[in-house]
Amino acid sequence: MTAGVRWRAGHGFVAPYVVLLLAFGVLPTGYAIYFAFTDADGAFVGLANFVTAASDFRFAAAVGHVALYLVFWLVSLVVFVVVLALLLHRVSSRGLSKSLRFLYYLPGALAGSASVLVWLFLLDPAVSPVGFLLRAFGFDTFGQVVALEHLPILFTLIAFWTGAGGWIVVMYGALNTISADLLEAARIDGAGAWQTARHIQLPLLRKWIVYMMILAFAGGTQLFVEPQLLSQASVGVAGRDYSLNQLSYEFAFQHNDIGAAAAISVGLLLTGLVAAGVFVARSRFFDAD
């Protein structure tokens, strides 16, 4: 294959992705940035839309809700995904790996809204197959289960159940790239499972963990489907402005304030970019191993 043919083939494979990225990523982002800095007449207003959004009485509470959820979500994701991936790697030689990988990944096949509906059913003591457990913890009604102070944990459970399986499979694949000779040498030197994980596997998984945290942080700040559906199912327990994305939706479609809605969206984008920059810089993500 000549260099010209390889060049055309490479561009041919990349072109569909670039087109979709421009259509559904770059252009919408540019459109949101335009609205964030202009008024209804298209006149430049500086940071006025950001001030309007930040001064809303619901904004601080929404920031707190999302921040608390992110703490639970990221900690649970890093701890349990890594531990389960290590355990999966340990049993891979016993014929259980394929079955466990399938079970881990299966919940991710459900769309976000479908997952929430499943959990709404599970969290209602009157109809849930685990209603006896809910009643054992003192929850006799659906309203008690979905009380406002329980929502960060509930949203974390839903997100973990839906998204963690895919990351477990990714981490398992990363563990399989570690040289078997290296692991065998550690075993010969007397290293147990914990020492091998701490001194060999976890350091080599560092960049994968950082990558997972970047995407999980970006996705977590976009919290919308879970509180929106829960608000409808619980007659407003969660509220229609529980998260920043919900508040943006309220500004756009209830108050007809596209500028403030776009300002919140741009703020979330900048937050994700800053967080990604911090993760990359502190973890030396692009350093050669």
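Residues numbered from 1 in each chain as written. Predicted model: local features only at pLDDT ≥ 70, side-chain atom pairs only at ≥ 80, totals over all residues. Heavy atoms only, no water.

### Description of the packing of aromatic side chains
In step 1: What the rule picks out here adds up to 11 aromatic pairs.
In step 2: Measuring from ring centre to ring centre gives 6.4 Å for Phe 37 and Phe 44, while their planes differ by 10°; the resulting arrangement is stacked.
In step 3: On the basis of relative accessible area, Phe 37 is assigned to the partly exposed category, the value being 25%.
In step 4: Looking at Phe 44, the relative accessible area reads 65%, which means it is exposed.
In step 5: Between the aromatic rings of Phe 80 and Phe 160, the centroid separation amounts to 6.0 Å while the plane-to-plane angle is 80°, which identifies the pairing as edge-to-face. Taken together, the residues Phe 80 in helix α3 (residues 59-90) and Phe 160 in helix α8 (residues 151-176) connect sequence positions 80 residues apart.
In step 6: Its relative accessible area of 46% is what places Phe 80 among the partly exposed residues.
In step 7: The exposure class of Phe 160 is partly exposed, given its relative accessible area of 21%.
In step 8: Cluster of aromatic residues (ring-pair linked, three or more members): Tyr 31, Tyr 34 and Phe 35. (Phe/Tyr/Trp six-rings, centres within 6.5 Å; stacked < 30°, edge-to-face > 60°. Buried < 20%, exposed > 50% of the residue type's maximum accessible area, 1.4 Å probe, protein only. Helix = DSSP H or I, 4+ residues; strand = E, 2+ residues; numbered from the N terminus.)

### Description of the packing of helix α9 (residues 180-188) against helix α10 (residues 193-221)
In step 1: Packing of α9 against α10 leaves a shortest axis separation of 11 Å and a crossing angle of 165°. Of the possible angle classes, the one that applies to α9 and α10 is roughly antiparallel. When the axes of α9 and α10 are compared, the crossing they make is right-handed. Note on element contacts: α10 touches α9 through Thr 196, Ile 200, Gln 201 and Leu 204, opposite Leu 182, Leu 183 and Ala 186.
In step 2: Partitioned by chemical class, the residues of the contact of α9 with α10 number 5 nonpolar, 2 polar and no charged. (Axes fitted to C-alpha atoms, helices over the stretch in contact; angles between N-to-C directions. Parallel < 35°, antiparallel > 145°, perpendicular 65-115°, else oblique. Left-handed = near helix turned anticlockwise from the far one by under 90°. Contact = heavy atoms within 4.5 Å. Nonpolar A, V, L, I, M, F, W, Y, C, P; charged D, E, K, R; others polar.)

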